[in-house]
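# What the coordinates show
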Amino acid sequence: MATDLHELLRSLRVWAPEATELPPFDPEAAPGDPLALFTAWFAEVAAAGQTEPHTMSLATSDEDGLPDVRTVMLHGADADGWAFATHASSRKGRQLAARPYAALGFYWPAQGRQVRVRGPVAVAPSGEARADLHARSTGALAAALTGRQSDVLGSVEELRRASEDAWELARREPRAEVGSWTLYRLRPTEVEFFQGDGRRRHVRLRYRRENADAGTGAGTGWVKELLWP
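Overview of the structure. (Residues numbered from 1 in each chain as written. Predicted model: local features only at pLDDT ≥ 70, side-chain atom pairs only at ≥ 80, totals over all residues. Heavy atoms only, no water.)

## Here's the deal with the layout of surface pockets
Note the following rule: Here the term cavity refers to a set of points on a 1 Å grid, laid over the protein atoms alone, in which a 1.4 Å probe fits but cannot get out; the term pocket refers to an open set having protein on both sides within 12 Å along at least five of seven lines, with lining residues being those that place an atom within 4 Å of a point. Grid points are joined across faces, edges and corners, and a volume is the space filled by probe spheres set on the points. Helix and strand labels come from DSSP, where a helix needs a run of H or I of at least four residues and a strand needs a run of E of at least two; each type is numbered from the N terminus.
The calculated volume of the largest pocket comes to roughly 510 Å³. Lining the largest pocket are 23 residues, with His-87, Ala-143, Ala-144, Gly-147 and Gln-149 sitting closest to its centre. Secondary-structure elements contributing two or more residues to the lining of the largest pocket are β2 (67–73), β4 (81–87), α5 (138–146) and α6 (156–172). With four residues, α5 is the largest single contributor of residues to the lining of the largest pocket.

The structure is reproduced here in structure tokens:
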């Protein structure tokens, strides 16, 4: 029997009490820098049992301005920006080369929280990209060594052979180089924090960088603003 998608959608709940606890959020008590709040929220959702809190949506656009989005992993966040990595030759790598601007989206249903980040993206020095890759697991290195991300694949068997060769190389040479592996940093001009509320009085707090430079994201400080939900 075929699934009725509309019936299934209507049967689902958002923030079911058995899976979600909506904590209070006082925006007046929020720190002056969004990184501090992000770090606190990240630790809290991880402690609340949120699975894979470090996964995020990465939105980019191509040379024609058409949008694209996918799920990637956060590699770090500090004063230099929110970091992620990929092959420069991949679709997202090519899009970032054409239009070095992106948006990130985190969704943490364990506490009904979202974080949105947007701003210009810069390529980190190659040495930092190598250190980032080699600090990860053997499987991550093998995946990077497999390469050809976003290219058309001839068959599953072709992928299996290439992956096995890459795993063998990764085990034999844990410091193997992957020339296309690139670490990117998004330096935010806007960061929005969304805290869900059971009565739908959701709290949205936006940090907006004052006098932001469109190319680098640098500015003179942060302005905090509440937004209607």
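## Structural notes on helix α2 (residues 34–47)
Short version of the rule: Every helix has an expected span of 1.5 Å times one less than the residues it contains. Only protein chains enter the calculation, and the probe is 1.4 Å; a residue is then buried if its accessible area is under 20% of its type maximum, exposed if over 50%, and partly exposed in between. Working definition: the arc comes from the directions between the helix axis and the C-beta atoms, pointing outward to the latter. Under the rule applied, a polar contact is a pair of N or O atoms within 3.5 Å (in protein, one hydrogen donor and one hydrogen acceptor; residues adjacent in sequence only if both atoms are side-chain atoms).
Taking 1.5 Å per residue as the helical rise, α2 with its 14 residues ought to reach 20 Å, and the 20 Å between its terminal C-alpha atoms agrees with that figure. All of the buried residues along α2 are Pro-34, Leu-35, Leu-37, Phe-38, Trp-41 and Val-45. Along the axis of α2, the buried positions cluster into a sector of 155°, meaning they face one direction only. For α2, the N-terminal cap is Asp-33; the gap from its side-chain oxygen to the backbone nitrogen of Leu-35 is 2.7 Å.

## Details of the nonpolar core
Applicable threshold: Buried Ala, Val, Leu, Ile, Met, Phe, Trp, Tyr and Cys residues form a nonpolar core when they are joined through side-chain atoms within 4.5 Å.
In terms of nonpolar packing, the biggest core is built from 29 residues, with Trp-82, Phe-106 and Val-115 touching the most fellow members. Elements that contribute at least two residues to this core include exactly α2, β1 (55–61), β4, β5 (101–108), β6 (113–123), β7 (181–186), β8 (190–195) and β9 (203–210). A total of five residues in this core trace back to one element, the largest contributor, which is α2. Listed in part, the 13 residues of the second largest apolar core include Ala-129, Val-178, Trp-181 and Leu-183.

## Observations concerning helix α3 (residues 91–98)
Keep this limit in mind: Any two residues having at least one pair of non-hydrogen atoms within 4.5 Å are treated as being in contact.
Turning to α3, its buried residues are Lys-92, Gly-93, Gln-95 and Leu-96. What you see down the axis of α3 is that its buried residues fit within an arc of 165°, all on one side. In this fold, the buried residues of α3 make contact with β1, β2, β4, β5, β6 and β7.

## Here's the deal with the environment of Lys-92
Its place among the elements puts Lys-92 in helix α3. With 51 residues separating them in the primary sequence, Lys-92 and Trp-41 have C-alpha atoms 27 Å apart. Those residues within four positions of Lys-92 in sequence are excluded, and the remaining contacts are Leu-58, Arg-70, Val-72, Thr-86 and Gln-149. At a separation of 3.2 Å, a polar atom in the side chain of Lys-92 contacts the side chain of Thr-86.

## Looking at the packing of aromatic side chains
Keep this limit in mind: Each Phe, Tyr or Trp ring (for Trp, its six-membered ring) is paired with any other whose centre lies within 6.5 Å, and the angle between the two planes then decides the class: stacked below 30 degrees, edge-to-face above 60, tilted in between.
Summed over the entire model, instances satisfying the criterion amount to 12 aromatic pairs. Measuring from centroid to centroid gives 5.7 Å for Phe-193 and Tyr-207, while their planes differ by 70°, and the two rings are edge-to-face. On the criterion of sequence distance, the pair formed by Phe-193 in strand β8 and Tyr-207 in strand β9 is long-range, its members being 14 residues apart. Where Tyr-207 meets Trp-222, the ring centres are 6.4 Å apart and the plane angle is 85°; that geometry is what we call edge-to-face. Of this pair, Tyr-207 sits in strand β9 while Trp-222 is found in strand β10 (residues 221–227), placing the two residues 15 residues apart along the sequence. The exposure classification of Tyr-207 matches that of Trp-222, with both residues buried.

## Details of the pairing of β9
Short version of the rule: Should DSSP find at least two bridges between two strands, the strands are taken to pair.
Pairing of β8 with β9 involves six bridges; the strand directions are antiparallel. Each bridged residue has a counterpart across the sheet, and for Glu-192 the counterpart in β9 is Arg-206. Bridge count for β9 against β10 is seven bridges, and the pairing is antiparallel. The residue bridging Arg-206 from the neighbouring strand is Glu-225, located in β10.

## Re the packing of α5 against α6
To keep things clear, this is the line we draw: Fitted lines through C-alpha atoms give the axes, limited to the stretch in contact for helices. The angle between two N-to-C directions lies from 0 to 180 degrees. Note that the term roughly parallel is reserved for angles under 35 degrees, roughly antiparallel for angles over 145, roughly perpendicular for angles of 65 to 115, and oblique for everything else. Each crossing is labelled by how the near helix is turned from the far one, with a counterclockwise turn of less than a right angle marking it left-handed and a clockwise turn marking it right-handed.
Contact geometry for α5 and α6: axes closest at 8 Å, N-to-C directions at 125°. With respect to their mutual orientation, α5 and α6 come out oblique. Note on packing geometry: the crossing formed by α5 with α6 is right-handed. Where α5 approaches α6, its residues Thr-138, Gly-139, Leu-141, Ala-142, Leu-145 and Thr-146 are matched on the opposing element by Leu-159, Ala-162, Ser-163, Ala-166, Trp-167, Leu-169, Ala-170 and Arg-171.

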